[in-house]
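Coordinate analysis (summary)
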Amino acid sequence: MAVVFDRPHALVDIPMHYCPGCTHGITHRLVAEALDDLGIEGKTVGVSSVGCSYNNYFYFNCDMIQAAHGRAPAVATGVKRSLPDNIVFTYQGDGDLAAIGTAEIVHAAARGENITVIFINNTIYGMTSGQMAPTTLLNQVTTTTPYGRSAKNHGNPIRVCEMLATLEGPAYIERVSLHDIKHIKKAKEAVRKAFKVQMAGKGFSLVEILSTCPTNWGMDPLESLDRVKNEMLEYYPLGVFAGEDLEV
Amino acid sequence: MGERLLMKGNEVIAEAAIRAGCRHYFGYPITPQTEIAHYMAKKMPKVGGVFLQAESEVSAINMVYGAASAGKRVMTSSSSPGISLKQEGISYASGAQLPAVVVNIMRGGPGLGGIQPSQSDYFQATKGGGHGDYRLIVLAPSSVQELYELTVDAFNLADQYRMVAMILGDGVLGQMMEVVNFRDEEPIVDADKSWAACGHGMKREHNTITSIHLDPAVLEQWNQALQKKYKTICEKEQRYELYKTDDADIIIVAYGSVARIAKNVVHVAREEGLKVGLLRPITLWPFPTKAFEQVMDKTRAFLTVEMSSGQMLEDVMLTVSGRKPVYFTGRMGGMIPRVDDIMAKIKEISAG
């Protein structure tokens, strides 16, 4: 019998701890498929961050390093400068990357550090139970914006791709979404391209992945996917922000 | 016979690191240690190494965390306020059992304090500094020659015990020039680094570097393993110098640049007929309790001298445990104790 669908080798065969309907599982699979397809699992070092995916070193089969909150790009810099022929990626959420780790991501991007960043934007802090993130949309209710995020009190959400694309360093920046199969396929291509950019030594690559958090949004999984499509895409347009013409 | 050169303390630290096989240095400018970064910026590209000026001390120590995770000999350096910023990363590296060398060329605090020499980061260096139950191996050189030798040793100790080793100097040592005799070859310990995250090449299980253990029972076991390691270090790695202590009625306890002043005091006191000796801790952690046991029965009193309000004083008092009187004199953040001031204290103790 022909096998048409299997677990990627780069994913460990154990149950994940993520909530039902959370899209972390899909993104893990996309990263693992890229490592498999490109044949780079053995030379890849991943850097986990702080957030719901803090322990994804249990799930990825490549060597993994767990970093302090927001510091993954600095840790990845240390690894890549030590092992320039290896492949290094970080896996960071929006609180980690766009709040506490703003300096680290901006300067890694500015240096054109030859690493790949997988950036999960679900407009909320998941692990600490639903606080406002730098990406939380205006009027969105969270546990720390119980009356909704207001531009006056909390400022406007940060568009990370657009911000980083103002720098000269990044080789490739794209925002993708996981709200339906068609977009998951596009996300898969983007993740794959990001790793290929690094393999070609072109420099900093980042894929922002619009994701869900059904538990902290107070929605079921399908409603959550609808929210990505109906609310997030408007503020966070999909597309390539750097390296559109880059062939790898 | 190796090279004999006149060099500045900070530059010697950098040169020693390179000789010890360090090829990765991540730093951020701060007075009075910046010459380390200058030297690394010039030298590292010539020896195939990496010098990177980070965007902050926080990033620099996390780059160290990455390079150490990859199994490389790596160093960062800073001065007091910058070392405070590095404490998060030092705690994580300690939790993850990563070998690395951190240099603190102390200046006066608290806050921005000043840029003149001080010893007021003793507590921070020897009691943990960041959060959690951990220790650093803390080496306190008192000459440029010792900056060289102890920096090489710091890399070996860090690798051997998989932990952070700190060179705790001060602005005097960093800025002064002295002759240093280099060895032709360094005694480099070749430690096992099979734990490193450097790509498994599909030949082994994947390695993980982490400091998080959410299961409290597992975390306790992890901590107990760390404590066991620290106990071994306390037994095996204490270092100190005893100078004219055999017949000393009063023993000065001082480290780093202050120990040099204290040595002058020993000479001046003896010329005046006062039997004074010096106990100089070289490892501040582990604290050299064995040195105290050697002299405890013979001496009458201890006098701790520091460029702080009396931080090492607490370890001296714990070690002496009331068996002999312990006195203190010192100057605060940026002011250097004078021979006359210390002599006055010795005369006061002698008269008492």
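Residues numbered from 1 in each chain as written. Chains lettered and ligands numbered in written order. Predicted model: local features only at pLDDT ≥ 70, side-chain atom pairs only at ≥ 80, totals over all residues.

Regarding the overall build of chain A
Across its full length, chain A carries nine helices and seven strands. The C-alpha radius of gyration computed for chain A amounts to 17 Å, which stays within 12% of the reference 18 Å derived for 248 residues, consistent with globular compactness. With the C-alpha coordinates of chain A rotated into their principal frame, the extents come out at 50 × 50 × 35 Å. For chain A, with 248 residues in total, the buried portion stands at 56%. In chain A, of all internal contacts separated by at least 6 residues, the share reaching a separation of at least 24 is 68%. (Helix = DSSP H or I, 4+ residues; strand = E, 2+ residues; numbered from the N terminus. Rg over C-alpha atoms; globule rule 2.2 N^0.38 Å. Buried ≥ 20, exposed ≤ 12 C-beta atoms within 10 Å, placed from the backbone. Contact = placed C-beta atoms within 7 Å.)

Regarding the domain arrangement of chain B
All names here are of chain B. Looking at the assigned domains, one finds that chain B contains domain 1 (4–192 + 208–236) and domain 2 (241–351). For domain 1 versus domain 2, the distance between C-alpha centres works out to 27 Å. Going through the elements one at a time, α5 (122–126), β6 (137–139), β7 (164–170), α7 (171–175) and α8 (216–236) are the ones with two or more residues in the side of domain 1 that touches domain 2. Residue contributions to the side of domain 1 that touches domain 2 peak at four residues, all from α5. Considered class by class, the residues forming the side of domain 1 that touches domain 2 number 14 nonpolar, eleven polar and two charged. (Domains from an automatic or database assignment. Nonpolar A, V, L, I, M, F, W, Y, C, P; charged D, E, K, R; others polar.)

Things to note about the nonpolar core
If you look at the biggest cluster of nonpolar residues, it comprises 172 residues, and the most contacted ones within it are V101, L139, A165, I252 and A262 of chain B. Sorting elements by how many residues they give to this core places helix α6 (residues 144–161) of chain B first, with nine residues. In terms of domain composition, this core takes at least three residues from each of domain 1 (4–192 + 208–236) and domain 2 (241–351) of chain B. Excluding anything up to four places from it in sequence, V101 of chain B contacts A17, M75, A154, F155, A158, A165 and I167 of chain B. Core analysis: the second largest hydrophobic core is formed by seven residues, C22, I124, M132 and A133 of chain A among them. (Core = buried A, V, L, I, M, F, W, Y, C linked by C-beta atoms within 7 Å.)

Notes on the sheet that holds strand β11 (residues 250–253) of chain B
Residue and element names in this part refer to chain B. Ordered in space as β10-β12-β11-β14-β15, the five strands form an open sheet in which the pairing is mixed. Strands at the two margins of the open sheet, each flanked by one partner only, are β10 (240–243) and β15 (326–330). Going from strand to strand, the sheet's axes swing by 20° on average, the running direction of each strand aside. As paired elements, β11 and strand β14 (residues 301–306) share four bridges and run parallel to each other. Note that in β14 the partner of I251 across the bridge is F302. Contacts from helix α9 (residues 256–271) reach β10, β11, β12 (276–281) and β14 within the one sheet, and its direction differs from that of β12 by about 165°. (Pairing = 2+ DSSP bridges. Axes fitted to C-alpha atoms, helices over the stretch in contact; angles between N-to-C directions.)

Re the interface of chain B and chain A
Listed per partner, the contact involves 33 residues of chain B and 29 residues of chain A. Looking at the side of chain B that touches chain A, the elements with two or more residues in it are β2 (24–27), β3 (50–53), α3 (57–69), α4 (80–95) and β9 (208–209) of chain B. It is α3 of chain B that provides the largest number of residues to the side of chain B that touches chain A, a total of eight residues. Considering only residue class, the side of chain B that touches chain A consists of 15 nonpolar, 15 polar and three charged. Relative to β9 of chain B, strand β2 (residues 63–66) of chain A runs parallel, the two sharing two bridges. Looking across to β9 of chain B, one finds that I65 of chain A is bridged to I209 of chain B.

Digging into the sheet that holds β6 of chain B
All names here are of chain B. The strand order β3-β2-β4-β5-β7-β6-β13 describes an open sheet built from seven strands, whose pairing is mixed. Each end of this open sheet is capped by a strand with a single partner; those strands are β3 and β13 (283–285). Here the strands of the sheet are splayed against their neighbours by 20° on average, with no regard to which way each runs. With seven bridges joining them, strand β5 (residues 100–106) and β7 adopt parallel strand pairing.

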